[in-house]
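# Architecture and fold: a report
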Amino acid sequence: MKLSLIIGGCLSGMALLAALISLVWTPYDVTALDIAHKLQGPTAAHWLGTDHFGRDIASMLMTGARTSLAVALVAVTIGMGLGVPLGLWAAARRGSWLDEGIMRANDLIFAFPSLVIAILITATFGPSATNAIIAIGIFNIPVFARVTRAGALSLWQLDYIRAAQVAGKGRTRISGEHILPNIANLLIVQSTIQFSLGILAEAGLSYVGLGAQPPTPSWGRMLAEAQTMVTLAPHVAIMPGLAIVLTVLGLNLLGDGLRDALDPRLRGRLA
Amino acid sequence: MTLLRLDHLTVQIGKTPILRDVSLTLARGEILGLVGESGSGKSMTALAIMGLLPDRARISGDIILGGLNLRHRSEREMCQLRGSDISMIFQEPMSALNPMMTIGDQVAETLMLHRRMLRSEARSIAREKLDRVGLRAPRFPLSLYPHELSGGQRQRVAIAMAIALHPKLLIADEPTTALDVTTQAEVLDLLRDLAREEGMALILITHDLAVVAGMADRVAVMQAGQIVETAPTRTLFQRPDAPYTQALLAAATHHPPLAARPDAKPLLQVENVTRLYRLPRPSAFAPHPELRAVDDVSFTIHAGESLGLVGESGCGKSTLTRAILGLDAVQGGTIRLTGHPISPTMPRPQRTDMQIVFQDPYGSFNPRQRVERLICEPFHLTGRPSDWRDRVAEALREVGLSPDDKSRFIHEFSGGQRQRIAIARALIIRPKLIVLDEAVSALDVQVRAQVLDLLSYLQATHDLAYLFISHDLSVVRAVTSRCLVMKAGKIVEEGPTEALFTTPQNAYTQTLIAATPRIPQHWKEPA
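Scope of this entry: the structure provided in the associated data block.

## Digging into the overall build of chain A
A tally of regular secondary structure across chain A gives 10 helices and 0 strands. Listed by position from the N terminus, the elements making up chain A come as α-α-α-α-α-α-α-α-α-α. Each of the three principal axes of chain A carries a C-alpha extent, and together these read 75 × 50 × 30 Å. Residues counted as buried form 50% of the 271 residues belonging to chain A. Within chain A, counting contacts between residues at least 6 apart in sequence, those at least 24 apart form 69% of the total. Total accessible area computed for chain A in this model is approximately 12500 Å², and 71% of it derives from carbon and sulfur atoms. Taking the average place of the 18 positive charges on the side chains of chain A and the average place of its 14 negative ones, the gap between the two points comes to 11 Å.

Structure (structure tokens):
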């Protein structure tokens, strides 16, 4: 197995595991304030130290992982769920008004700066994790639609698509049976990139106070709260920062590794 | 006088031997044909001479050019030699040119680099060289970009770049494989003239024996990294020494048995078919101009017959094929298969009488499906019968593969095996007509002979009709009984294949046949 797949799997797996464990157990209650022990460095009692309210950073990171992963996952699902079919549809009807319509609508969404619109949506409908998901998800749709269409268009020129047409298969069926499996590589890599961008976007929204609301911990908000204390207790900022960096890195490595492992043409060479 | 000498050249990449003990000599002004099948080491020999082998290649033996051993030159010294002493042209003229640079600048660049000339000087020499390769002013100004030229013209630019510095040795690696037959003849003529007039030695690498027959002074035959035979061209064709050369020659002139069915009923009837394409408007309010890709074409294929369709690229062959397969609608005329009209909206069961085999053995299959599923695809038309597994096994056996191959992926097969699988896929629903769209063009000559034999056997056993579309006239001549010649969307000549090839009536057919490289008839009989 490839090294990138192992490292990527471990890093992403750690984030996922932390999120899952936090559902049933965390070392400390993340809502319990303990001002007496505020801004402590890593100790035996608090492995990653405490923040300015004396809350356990390890516990907050675990619970925060839940928010980050859930937001990014649902946002990617929205993007793929709508973007991929739209892209396949546009490619199958290349040059038609449908293709034009889908692609121009994509351009329209692309034309807006994504974070500004996300801020607009969450500001209009109220700051919450759900609204953050919707805002990030909408911007994933054109990304997936474009990647899907570009990948599919080159495949539509190939002979095995013609062979399938000669076998009487319709456009929808060809798209599902021949096109989609062959662009799965592209989509997997793109979804891990979007997943990591989703984590960053959620952190960004929470950082400006429009994501998850207190007392729900989130990596972005932990960073925001730590910024005034960077010189005083750098670990309070470093820990959530590291969590974001390692998870994003892990997801990107995982995407690369999965792409190679899922391709039957490359599979033989991995052993 | 010897210009180039390869002495026991051996190349290894990793643990794989690429070239084994290759020894060659080449005199000034001599044309050497280097022939062999794909993977035999022809291109690697060329790259070794150019000093362009990958870094991890291990080389032993000597490469001596004009008394200088190239093996002991540094990369810097080799850069000086490349272009000025040795030069090379490649198969694909589009990727050999920079699309962002004018042709004048590309030819001048070599001169400025090696001779430290001023741009104006270099451009005036570039003009001379482009004139020399037949791209004369004022029709071909230096300011043209590669996309404004045809494939043959681009290859001429590549040749002009290669000869700009009067190299002593020019290596041409399959220089005409991507070109049409009439263009190929022109480019080969140009290369021959250059060698003769400028005293330049030429190594012509090709898989096509007929090309070297008309060009080379001597021929070296390569197999699996070794030179199996070197001889003067005529001697090699008349008295091939090595068994491998004999096998190659036999395969190149192979004629599979033809099925004769004079009394057969019409199977496919194409009547006055016209296919139009709308082109972009030339200006904002002008009407769309129309391209008649297929223009009033009529012909008939009878049951069990092999009909050839030849023509150069862009003549409308592929457009016509798409219409016959019922993938595109036609704008005029009708196509009928066993009496039923063909159109993109035809009912599925009517498509079962017709299947297709494509040119590219690599692009014809979904790489993510196993052979079993690939072959089964046409069952979509009929519904999968209960004995489908037996039918798959039978189809694989019929095309000379093992039923166990069904659970393998397509990338595990060679080009020839893939074409067999493509034929199995076409056969599985027992069609009456198979369209062979350049089906053997990408195959090596021996594999091609085997696939042609297979097609001939299947035709006899299944009473199949073939529509054999190809740009390769010699193959069409060998396997079809009747033939159509297409030019600019129209059928310009039609008739029994042998008559059409021996006494062509149409001027275009005559040009095509004259341009086709062939091994002279009197060489085939032993001297």
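## Looking at the environment of Phe195 of chain A
Following the sequence through the fold, Phe195 of chain A ends up in helix α7 (residues 171-207). Separated by 36 residues in sequence, Phe195 of chain A and Asp159 of chain A have C-alpha atoms that sit 34 Å apart.

## Section: helix α3 (residues 103-115) of chain B
All names here are of chain B. In this model, α3 (13 residues) spans 19 Å end to end at C-alpha, consistent with the 18 Å of a helix rising 1.5 Å per residue. Listed as buried for α3 are Ile103, Gly104, Asp105, Gln106, Val107, Ala108, Thr110, Leu111 and His114. Along its buried surface, α3 packs onto α2 (75-84), α4 (119-132) and α5 (151-163). Positive phi shows up at Arg116, right after α3, with a value of about 50°.

## Examining the environment of Pro403 of chain B
Residue and element names in this part refer to chain B. Within the element layout of this structure, Pro403 appears in the loop between α13 (388-398) and α14 (415-427). C-alpha separation for the pair Pro403 and Asp437, spaced 34 residues apart in sequence, amounts to 26 Å. Discounting residues that sit within four places of it in the chain, Pro403 has contacts with Ala393, Leu396 and Arg397.

## A short note on the pattern of salt bridges
Across all of its chains, the model carries 38 salt bridges over all chains by this definition. When the shortest N-O distance is used, the salt bridge between Glu100 of chain A and Arg104 of chain A registers 2.9 Å. Of this pair, Glu100 of chain A and Arg104 of chain A are both found in helix α3 (residues 97-111), 4 residues apart, which corresponds to roughly one turn of the helix. For Glu100 of chain A, a relative accessible area of 42% puts it in the partly exposed group. One salt bridge connects Arg482 of chain B with Glu494 of chain B, and the closest N-O pair in it is separated by 2.7 Å. Placement of the pair is Arg482 of chain B in strand β19 (residues 482-487) and Glu494 of chain B in strand β20 (residues 490-496), with a sequence separation of 12 residues. Overall, the relative accessible area of 40% leaves Glu494 of chain B in the partly exposed class. The structure contains a network of salt bridges with shared partners spanning Glu100, Arg104, Asp107 and Arg146 of chain A.

## So, the nonpolar core
Residue and element names in this part refer to chain B. Counting residues in each nonpolar core, the largest one holds 58 residues, and the members touching the most others are Leu130, Ile159, Leu191 and Phe237. Dropping the residues within four chain positions of it, Ile159 is found in contact with Ile89, Val133, Val187, Leu190, Leu191 and Leu194. Within the second largest apolar cluster, 53 residues are counted, among which are Leu381, Val440, Leu473 and Cys483.

## Digging into the sheet that holds strand β3 (residues 31-35) of chain B
Residues and elements named next belong to chain B. Spatial strand order, β6-β7-β8-β3-β9-β10: 6 strands in an open sheet with mixed pairing. Whereas interior strands pair on both sides, the edge strands pair on one side only; in this sheet they are β6 (86-89) and β10 (226-232). Within this sheet the neighbouring strands show an average axis-to-axis angle of 20°, counted without direction. Judged from the 6 bridges that link them, strand β9 (residues 218-223) and β10 form a sheet pairing that is antiparallel. What sits directly across from Arg218, in β10, is Pro232. In this fold α5 packs onto β6 and β7 (169-173), with an angle of close to 170° to the strand it touches most, β6.

## A few points about the interface of chain A and chain B
The partner chain B presents 27 residues to the 22 residues of chain A that form the contact. Across the interface of chain A and chain B, roughly 2100 Å² is buried in total on both sides, 56% from carbon and sulfur atoms. Joining chain A to chain B, the criterion identifies 2 salt bridges. For Arg162 of chain A, the salt bridge identified is with Asp437 of chain B, shortest N-O distance 3.5 Å. Inspection of the region where chain A meets chain B yields 8 residue pairs in polar contact (both at pLDDT 80 or more). For the side of chain A that touches chain B, the secondary-structure elements that each account for two or more residues are α6 (159-166), α7 and α10 (264-270) of chain A. Broken down by element, the residue count for the side of chain A that touches chain B peaks at 7 residues, all from α6 of chain A. Taken together, the residues of the side of chain A that touches chain B sort by class into 9 nonpolar, 5 polar and 8 charged.

## Considering the side chain of Arg420 of chain B
Looking at the element boundaries, Arg420 of chain B is found in helix α14. Buried charge without a partner: Arg420 of chain B forms no salt bridge, and the closest opposite charge is Asp453 of chain B, 8.2 Å away.

## Points about the sheet that holds strand β4 (residues 57-65) of chain B
Residues and elements named next belong to chain B. Read from one edge to the other, the open sheet built from 4 strands follows the order β2-β1-β4-β5, with strand pairing classed as antiparallel. The sheet is open, and its two edges are formed by β2 (16-27) and β5 (68-69), each paired on a single side. Where β4 meets β5, 2 bridges bridge the pair, whose relative direction is antiparallel. In the strand pairing of β5, Leu65 is matched with Leu68. In the packing of helix α1 (residues 42-50) onto the sheet, the strands contacted are β1 (2-13), β2 and β4, and the crossing angle to β1 comes to about 110°.

## A look at the packing of helix α5 (residues 129-156) of chain A against α7 of chain A
All names here are of chain A. Between α5 and α7, the shortest axis-to-axis distance is 8 Å and the interhelical angle comes to 145°. Here α5 and α7 pass one another in a crossing that is right-handed. Its residues assigned to classes, the contact of α5 with α7 comprises 15 nonpolar, 9 polar and 2 charged.

The rules behind the values
- Residues numbered from 1 in each chain as written.
- Chains lettered and ligands numbered in written order.
- Predicted model: local features only at pLDDT ≥ 70, side-chain atom pairs only at ≥ 80, totals over all residues.
- Heavy atoms only, no water.
- Helix = DSSP H or I, 4+ residues; strand = E, 2+ residues; numbered from the N terminus.
- Buried < 20%, exposed > 50% of the residue type's maximum accessible area, 1.4 Å probe, protein only.
- Contact = heavy atoms within 4.5 Å.
- Areas by Shrake-Rupley, 256 points an atom, 1.4 Å probe, with all protein chains shown as cover.
- Lys, Arg positive; Asp, Glu negative; His and termini not counted.
- Charge placed at Lys NZ, Arg CZ, Asp CG, Glu CD.
- Expected span 1.5 Å × (residues − 1).
- Salt bridge = Lys/Arg side-chain N within 4 Å of Asp/Glu carboxyl O.
- Core = buried A, V, L, I, M, F, W, Y, C linked by side-chain atoms within 4.5 Å.
- Pairing = 2+ DSSP bridges.
- Axes fitted to C-alpha atoms, helices over the stretch in contact; angles between N-to-C directions.
- Buried area = accessible area lost by both parts, 1.4 Å probe.
- Polar contact = N/O pair within 3.5 Å; in protein donor to acceptor, adjacent residues only side chain to side chain.
- Nonpolar A, V, L, I, M, F, W, Y, C, P; charged D, E, K, R; others polar.
- Left-handed = near helix turned anticlockwise from the far one by under 90°.

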